[in-house]
Amino acid sequence: EPEVTQTPSHQVTQMGQEVILRCVPISNHLYFYWYRQILGQKVEFLVSFYNNEISEKSEIFDDQFSVERPDGSNFTLKIRSTKLEDSAMYFCASSPTSGSNEQFFGPGTRLTVL
Amino acid sequence: QKEVEQDPGPLSVPEGAIVSLNCTYSNSAFQYFMWYRQYSRKGPELLMYTYSSGNKEDGRFTAQVDKSSKYISLFIRDSQPSDSATYLCAMSLYRDDKIIFGKGTRLHILP
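I will try to describe carefully the structure that is included in this document. (Residues numbered from 1 in each chain as written. Chains lettered and ligands numbered in written order. Predicted model: local features only at pLDDT ≥ 70, side-chain atom pairs only at ≥ 80, totals over all residues. Heavy atoms only, no water.)

1. What about the overall build of chain A?
Phase 1 of the analysis: Tallying secondary structure elements over chain A gives 0 helices and 11 strands in all.
Phase 2 of the analysis: A compact globule built from 114 residues would reach a C-alpha radius of gyration of about 13 Å, and chain A, at 13 Å, matches this within 12%.
Phase 3 of the analysis: In chain A, buried positions account for 45% of the 114 residues.
Phase 4 of the analysis: Excluding contacts between residues fewer than 6 apart, the proportion of contacts in chain A whose partners are at least 24 apart in sequence is 54%.
Phase 5 of the analysis: Entry remark: accessible area of chain A is about 5700 Å², with carbon and sulfur atoms responsible for 46%. (Helix = DSSP H or I, 4+ residues; strand = E, 2+ residues; numbered from the N terminus. Rg over C-alpha atoms; globule rule 2.2 N^0.38 Å. Buried < 20%, exposed > 50% of the residue type's maximum accessible area, 1.4 Å probe, protein only. Contact = heavy atoms within 4.5 Å. Areas by Shrake-Rupley, 256 points an atom, 1.4 Å probe, with all protein chains shown as cover.)

Here is the structure:
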């Protein structure tokens, strides 16, 4: 069964450093999303992406964040200058254009900012 | 008023029992309703998906949506220890829209 994959599974970085989180969505899906979950809190929407551009972004997704689909398979989230409060699980999701809103999530990348 | 409210639990039930999980929401414009299961430090796994009001059944799982009451439910029949996880209710306004999640209910099925 096709699934969303994410790398790395765990990323440790120093405050102020740039990180890139990578995702490979399900191959025939066209809508892509990033969510994050701070430990003990709810899953929160960051950004949605369709047709090579951002569809919607949340208040969390400020100028330090960017997304890119550099080729036909990868979808990345970059944080330019990490802060302590960026420590969280980051989930990539994708959905097909089938008339539904079934979003399929990857296993997540745990980001730890020291 | 929070957009989506869900009792965090934990909820402990004996194996074989029927489990009832619920969420309420405030925005009557939500049209798509989902239930996700999340194991510790893993990604949410889509369990059930419903558009608008009504019931949907899939094996041991039944999802119910009552838009008039702004209330959604997930029932698990013949619960198994492997059902022990956090269950997240989720909803969105329209197709391909961002998902708004509840905080999740931790469920423990006792052998």
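Having seen it, we continue.
2. Some thoughts on the state of the cysteines
Residue and element names in this part refer to chain A.
Phase 1 of the analysis: This model, assessed by the stated rule, comprises 2 disulfides over all chains.
Phase 2 of the analysis: For C23, the disulfide goes to C92, at an S-S distance of 1.9 Å. With the S-S bond torsion at -60°, the cross-link from C23 to C92 turns out left-handed. You can see C23 sitting in strand β3 (residues 19–24) and its partner C92 sitting in strand β9 (residues 88–95), a full 69 residues away along the chain. (Disulfide = S-S within 2.5 Å.)

3. Considerations on the interface of chain B and chain A
How big an interface is tends to be stated in terms of accessible area lost as the parts join.
Phase 1 of the analysis: Contacts between chain B and chain A engage 22 residues on the former and 24 residues on the latter.
Phase 2 of the analysis: For the pair chain B and chain A, the interface holds 1 salt bridge.
Phase 3 of the analysis: A salt bridge links K98 of chain B to E56 of chain A; its shortest N-O distance comes to 2.6 Å.
Phase 4 of the analysis: At the boundary of chain B and chain A, one finds 8 residue pairs in polar contact (both at pLDDT 80 or more).
Phase 5 of the analysis: Counting residues per element, the side of chain B that touches chain A draws most heavily on strand β4 (residues 32–38) of chain B, at 4 residues.
Phase 6 of the analysis: Across the side of chain B that touches chain A, the residue classes tally to 11 nonpolar, 4 polar and 7 charged. (Salt bridge = Lys/Arg side-chain N within 4 Å of Asp/Glu carboxyl O. Polar contact = N/O pair within 3.5 Å; in protein donor to acceptor, adjacent residues only side chain to side chain. Nonpolar A, V, L, I, M, F, W, Y, C, P; charged D, E, K, R; others polar.)

4. A short note on unusual backbone geometry
Phase 1 of the analysis: A cis amide bond links T7 of chain A with the next residue in sequence, P8 of chain A, at an omega value of -10°.
Phase 2 of the analysis: Along the polypeptide, P8 of chain A turns up in the loop between β1 (5–7) and β2 (10–13).
Phase 3 of the analysis: In the segment running from G9 of chain B into P10 of chain B, the intervening peptide bond is cis, with an omega of 10°.
Phase 4 of the analysis: Along the chain, P10 of chain B falls in the loop between β1 (4–5) and β2 (11–14).

5. Here's the deal with the nonpolar core
Phase 1 of the analysis: Ranked by internal contacts, the top residues of the largest apolar core, which has 24 residues, are W35, I72, L74, I76 and Y87 of chain B.
Phase 2 of the analysis: For this core, the secondary-structure elements that each account for two or more residues are β3 (19–25), β4, β5 (45–51), β7 (61–66), β8 (71–76), β9 (85–92) and β11 (105–110) of chain B.
Phase 3 of the analysis: Not counting chain neighbours up to four residues away, the residues in contact with Y87 of chain B comprise Q6, L21, Y36, R37, L47, L74, I76, G104, T105 and L107 of chain B.
Phase 4 of the analysis: Counting residues in hydrophobic clusters, the runner-up holds 21 residues, among them V4, L21, C23 and F49 of chain A. (Core = buried A, V, L, I, M, F, W, Y, C linked by side-chain atoms within 4.5 Å.)

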